Amino acid sequence: MELSTILQPECTTCATPGSKKKVLELISDLAAVQYPTLSSQEIFESLLAREKMGSTGIGNGIAIPHGRLNNISQPVAVLIKCEEPIAFDAIDKQPVDILFALLVPADQCEQHLSTLSSMAEKLNNKLIVKQLRKTHDESELYQVITQ
């Protein structure tokens, strides 16, 4: 799956959320724009439920929060680059500054895992991560992640 099919430029932003809760709320607000039938609260609760099972902070300043929703038919992604790293309970105990969030239909578990895996692989590329960290422009951020 091409990343540009699930990540819209409107869901790519540079921000200073300040906390894990605030960044999950920001992800929820951005995703709700893509699915007006969902409330940002529903999305937030889905992300929060997953975080309660264990942090999605995968290390090296990166987190991949994700959740499943019943009322969507296509996956939705959100990319946030934090101007100031935030505490995220990552596996390496380091703060997070790059978050790639994924929301998928509840009945598409296999696709969900495949997309998460490909994103983790992309974010494991040191050159891509370095470029993401250098940019402060949302359109450039989008270009780097979707190239």
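Residues numbered from 1 in each chain as written. Predicted model: local features only at pLDDT ≥ 70, side-chain atom pairs only at ≥ 80, totals over all residues. Heavy atoms only, no water.

**Quick look at the layout of surface pockets**
The space that makes up the second largest pocket amounts to roughly 160 Å³. As for the second largest pocket, its lining consists of Ile58, Gly59, Asn60, Ile62, Ala120, Leu123, Asn124, Lys126, Val129 and Arg133. Partitioning the lining of the second largest pocket into residue classes produces five nonpolar, three polar and two charged. (1 Å grid on protein atoms, 1.4 Å probe; cavity = no way out; pocket = protein on both sides within 12 Å on 5 of 7 lines; lining within 4 Å. Points joined across faces, edges and corners; volume = space filled by probe spheres on them. Nonpolar A, V, L, I, M, F, W, Y, C, P; charged D, E, K, R; others polar.)

**Some points on the environment of Lys134**
When you line up the elements, Lys134 lands in helix α4 (residues 126–134). Note on Lys134: relative accessible area 62%, which makes it exposed. Sequence spacing of Lys134 and Lys81 is 53 residues, and the spatial spacing of their C-alpha atoms is 9.9 Å. (Helix = DSSP H or I, 4+ residues; strand = E, 2+ residues; numbered from the N terminus. Buried < 20%, exposed > 50% of the residue type's maximum accessible area, 1.4 Å probe, protein only.)

**What about the nonpolar core?**
Inside soluble globular proteins, nonpolar side chains tend to come together where they are buried. Leu7, Ile80, Phe100, Leu123, Leu132 and Ile145 are the most contacted members of the largest nonpolar core, which has 49 residues in total. For this core, the leading source of residues is strand β6 (residues 96–105), giving eight residues. The contacts of Leu7, once residues within four sequence positions are left out, are Thr12, Ala77, Val78, Leu79, Phe100, Tyr142, Ile145 and Thr146. (Core = buried A, V, L, I, M, F, W, Y, C linked by side-chain atoms within 4.5 Å. Contact = heavy atoms within 4.5 Å.)

**Re the confidence of the model for the chain**
Predicted confidence across the chain gives a mean pLDDT of 90, with 97% of residues reaching 70 or more. For the chain, per-element mean pLDDT is lowest for helix α3 (residues 109–123), which scores 74, and highest for strand β3 (residues 62–63), which scores 95. (pLDDT = per-residue confidence, 0-100.)

**A look at unusual backbone geometry**
If a residue is not glycine, its phi is most likely negative; likewise, a peptide bond is most likely trans. With phi around 60°, Asp89 is a residue other than glycine that occupies positive phi space. Of note, the phi angle at Lys93 is positive, near 65°, even though the residue is not glycine. By the secondary structure assignment, Lys93 is in the loop between β5 (76–86) and β6. Assessed through its relative accessible area of 73%, Lys93 is described here as exposed.

**Description of the packing of α4 against helix α5 (residues 138–146)**
Packing of α4 against α5 brings their axes to within 9 Å, and their N-to-C directions diverge by 175°. In this view, α4 runs roughly antiparallel relative to α5, as classed from their interaxial angle. On α5, the residues that touch Ile128, Gln131 and Leu132 of α4 are Leu141, Val144 and Ile145. In the contact of α4 with α5, the residues fall into five nonpolar, one polar and no charged. (Axes fitted to C-alpha atoms, helices over the stretch in contact; angles between N-to-C directions. Parallel < 35°, antiparallel > 145°, perpendicular 65-115°, else oblique.)

**Here we look at the packing of helix α1 (residues 20–34) against helix α2 (residues 40–53)**
Viewed as axis vectors pointing N to C, α1 and α2 meet at an angle of 135°, and their least axial separation amounts to 8 Å. In terms of axis orientation, α1 runs oblique to α2. Between α1 and α2 lies a crossing whose hand is right-handed. Across the interface between the two elements, Lys20, Lys21, Leu24, Glu25, Ile27, Ser28, Asp29, Ala31 and Ala32 from α1 touch Ser40, Ile43, Phe44, Leu47, Leu48 and Glu51 from α2. Of the residues contributing to the contact of α1 with α2, the split by class is eight nonpolar, two polar and five charged. (Left-handed = near helix turned anticlockwise from the far one by under 90°.)

**Some remarks on the pattern of salt bridges**
Side chains that differ in sign of charge can pair as their charged atoms come close. Inspection of the entire model under this criterion finds five salt bridges. A salt bridge links Lys21 to Glu25; the nearest nitrogen and oxygen atoms lie 3.0 Å apart. Of this pair, Lys21 and Glu25 both sit in helix α1, four residues apart, which is roughly one turn of that helix. The class for Glu25 is partly exposed, based on a relative accessible area of 25%. One salt bridge in this structure joins Glu83 and Lys81, with 3.3 Å as the shortest N-O distance. (Salt bridge = Lys/Arg side-chain N within 4 Å of Asp/Glu carboxyl O.)

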